[in-house]
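Commentary on secondary and tertiary structure
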Amino acid sequence: MTRLPSSDTSSRRLHWLAMLMPVVAMLTIFFGAMTTTESAGMAFPDYPTSDGQGMFSYPFLKLLSTMSDNPDDYKKFLEHGHRLMGIVIGIYAIVVAVLSYTDDKRTYVRGLGVGILLCVIAQGLLGGFRVLLNSLGLAMLHGLFASLVLSLMGVMALVTALSWQTPSLIDSRSSLFRNRTLAVITFVALLSQYALGGMVRHHGWNPTVHLHMGITTTLFVLITAVSCWFPHHCGITRWGSYLGLAVVLQFLIGLGTFVTKYGYPPLGYVAVYGSVDQVFMRTLHMMSGTIVMAFSVQFIMQTFRSHHSIGSASTALPNSACKIVTEQM
């Protein structure tokens, strides 16, 4: 592995574009989440056209003046906005894929750039077939896959950073194995929890199992985050802590979503279908879930980026220090 020099402006350009890509993707996810919350996924029965009109010829902005009085126009605004944002992230993914070839010589970075583009295309096709087949199953898969695509975008931002090319050493083989194992289990648990949420959201499943598993998963992630402090290791400890905080916030948002959707009689709160607070909490819960998934993948990447130190000089490193070495191959 060859470390790119810090003066390489091309690598910086790719990194900054990669950093912004998840932000652009979140705009697409926002429209998608709102589309699902407002049951607007079938606002148009056709795809890729909208009511028989082209993606750019459809009078999208005119809906702004009518959607407040016409629920159907509001749903069409959300669904067509989701489609337009899908095109935006598609074009963005093309640019990043091209730059991964022109600005970076690492094979895996180039493969990642192309892989993200293919995933974005696949995500668009999933959305299209969801409409053409009017399939709630594909709608759920469409939402689940969105979190994985966002995670890959986060990986691209991570591996294009200069700091990624200075692998760090950790002086305990057992703690490294423990962190990697916990990171993978955490990802699987969160993915399962996300899928259960999709079943509740798209198929109307009873949320009890989702709620109970949410409590279990949150406790497990917190234990994992705390364990990453012993021994302390910069990247692993930092991302373990980020993930723990994100999962706690996601759980609290989930409780808010539960209350606004089903009500809470002890406090006299009555849920009103379609109310602003309900729509806000349901949409926020879905969006924050994708961010949690992305954080869990970043956590995994950090554990596998680290290596067990070998040799007297390496093994003498104190656990509390963040020791970075430059490795050139």
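Just so you know, these numbers come straight off a predicted model, no measurement behind them.

1. Looking at the overall build of the protein
Each helix and strand in the protein was counted, giving 9 helices and 2 strands. Ordered by position from N to C terminus, the α and β elements of the protein give α-α-α-α-β-α-α-α-α-β-α. Burial status across the protein gives 50% buried among its 329 residues. Sequence separation of at least 24 residues holds for 79% of the intrachain contacts in the protein that already meet a minimum separation of 6. Entry remark: accessible area of the protein is about 16100 Å², with carbon and sulfur atoms responsible for 72%.

2. Let's talk about the confidence of the model for the protein
Summarising the model, the protein shows a mean pLDDT of 87, and 88% of its residues fall at 70 or more. Note that pLDDT drops below 50 for residues 310–321; the model gives that stretch 14 contacts with residues more than four away or on any other chain. This stretch, residues 323–329, has a pLDDT under 50; its non-local contacts, to residues over four places away or in other chains, come to 16 contacts.

3. Here we look at the packing of helix α6 (residues 208–227) against helix α7 (residues 234–262)
Between α6 and α7, the shortest axis-to-axis distance is 9 Å and the interhelical angle comes to 160 degrees. By the angle between their directions, the pair α6 and α7 is classed as roughly antiparallel. The chirality of how α6 crosses α7 is left-handed. Where α6 approaches α7, its residues L211, G214, I215, T218, V221, L222 and A225 are matched on the opposing element by G240, S241, L243, G244, V247, V248, F251 and L255. Here the residues of the contact of α6 with α7 are counted per class, giving 10 nonpolar, 5 polar and no charged.

4. Some words on helix α3 (residues 107–132)
The end-to-end C-alpha distance of α3 is 37 Å, a good match for the 38 Å that 26 residues give at a rise of 1.5 Å each. The first or second residue beyond α3 is N134, which carries a positive phi of 50 degrees.

Definitions and cut-offs
- Residues numbered from 1 in each chain as written.
- Predicted model: local features only at pLDDT ≥ 70, side-chain atom pairs only at ≥ 80, totals over all residues.
- Heavy atoms only, no water.
- Helix = DSSP H or I, 4+ residues; strand = E, 2+ residues; numbered from the N terminus.
- Buried < 20%, exposed > 50% of the residue type's maximum accessible area, 1.4 Å probe, protein only.
- Contact = heavy atoms within 4.5 Å.
- Areas by Shrake-Rupley, 256 points an atom, 1.4 Å probe, with all protein chains shown as cover.
- pLDDT = per-residue confidence, 0-100.
- Axes fitted to C-alpha atoms, helices over the stretch in contact; angles between N-to-C directions.
- Parallel < 35°, antiparallel > 145°, perpendicular 65-115°, else oblique.
- Left-handed = near helix turned anticlockwise from the far one by under 90°.
- Nonpolar A, V, L, I, M, F, W, Y, C, P; charged D, E, K, R; others polar.
- Expected span 1.5 Å × (residues − 1).

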